[in-house]
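# Summary of the model geometry
Chain by chain, the residues run as shown.
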Amino acid sequence: MKKLFMLCSLFLLALPFTVKAEENQKVSIYLFKGDGCPHCADAETYFNSLSDEDKNKFDLVEYEVWYDETNQELMKQVADKLEETVTGVPYMIVGEKSFSGFTDEIGEDIMNAVNEMYESEEKVDIVAELATELGAKKWTGSSNNTDQSTGTNGNTTTTEKDENSKTSTNSKDNTIVIVSVLGVLLVAGGLLVLARKKM
């Protein structure tokens, strides 16, 4: 019986660490870019070259602004909210921090902001709500697909990957709740058995 009690106690001690690991959700790096902008391409290359450990901490969300008026408006509203003026692209946002232009040093500063927010319990995302309100279109990587008369470039508002990501996050949340409930029930059952044996 002591072994069962010890096993239940160890399970309960390990549970908060398991839940904490699941709570760390990816941070969004918003990249406002121009299709064909060399500095924007440098930023993309930098983020794609990072280690898998680093890449697992963030999602790179791109908005093309040279040919898409809605995305231009989104970038302007984000800058207004941060009380600054955008002077060009790339213009990147992590939480409430902005970064203009791109060098490897700026990339390191962005990753420091990502790491800080990834470890934080408070996730700030000023872009997501504005993007939804405006119907901004995420960049899907298709270039030379621009209809300049309408300002659209064949992008989609919500991609299948985004929907799968939401489903995956919801599944993880459900798993955490189920494991937590099972752990509590297991410990309660063990304590109940222990109490009955002592009577």
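Residues numbered from 1 in each chain as written. Predicted model: local features only at pLDDT ≥ 70, side-chain atom pairs only at ≥ 80, totals over all residues. Heavy atoms only, no water.

## Details of the overall build of the protein chain
The line we're drawing: Strands are runs of DSSP state E lasting at least 2 residues, helices are runs of H or I lasting at least 4, and numbering of each runs from the N terminus. For every residue, the accessible area obtained with a 1.4 Å probe (protein chains only) is divided by the maximum for its type, and the residue is called buried under 20%, exposed over 50%, and partly exposed between those limits. Values of accessible area rely on a 1.4 Å probe in the Shrake-Rupley scheme; residue burial ignores everything except the protein chains shown.
Scanning the protein chain for helices and strands turns up seven helices and four strands. Start at the N end of the protein chain and walk to the C end: the helices and strands fall as α-β-α-α-β-α-β-β-α-α-α. Taking all 199 residues of the protein chain together, the buried fraction comes to 33%. Accessible surface computed for the protein chain: about 12400 Å², of which carbon and sulfur atoms make up 53%.

## Quick word on the packing of aromatic side chains
Counted only if it meets this: In this scheme Phe, Tyr and Trp rings, the latter by its six-membered ring, pair at centre separations within 6.5 Å, and the angle between planes marks the pair as stacked below 30 degrees, edge-to-face above 60, and tilted otherwise.
The tally for this structure, following the rule as stated, stands at seven aromatic pairs. Clustering of aromatic rings is evident, with ring pairs tying together Tyr30, Phe32, Tyr63 and Tyr91.

## Let's talk about unusual backbone geometry
Here Val89 and Pro90 are connected by a cis peptide whose omega angle stands at 0°. Counting through the fold element by element, Pro90 comes out in the loop between helix H4 (69-81) and strand S3 (91-94). Of note, the phi angle at Glu83 is positive, near 55°, even though the residue is not glycine. One can find Glu83 in the loop between H4 and S3. Among the residues examined, Glu83 registers a relative accessible area of 74% and is labelled exposed.

## Some words on the environment of Ile106
To keep things clear, this is the line we draw: Any two residues whose heavy atoms approach within 4.5 Å at even a single point are treated as in contact.
Summarising the element assignment, Ile106 is placed in helix H5 (residues 104-119). Excluding its chain neighbours within four sequence positions, the residues that come into contact with Ile106 are Met92, Phe99, Ser100 and Gly101.

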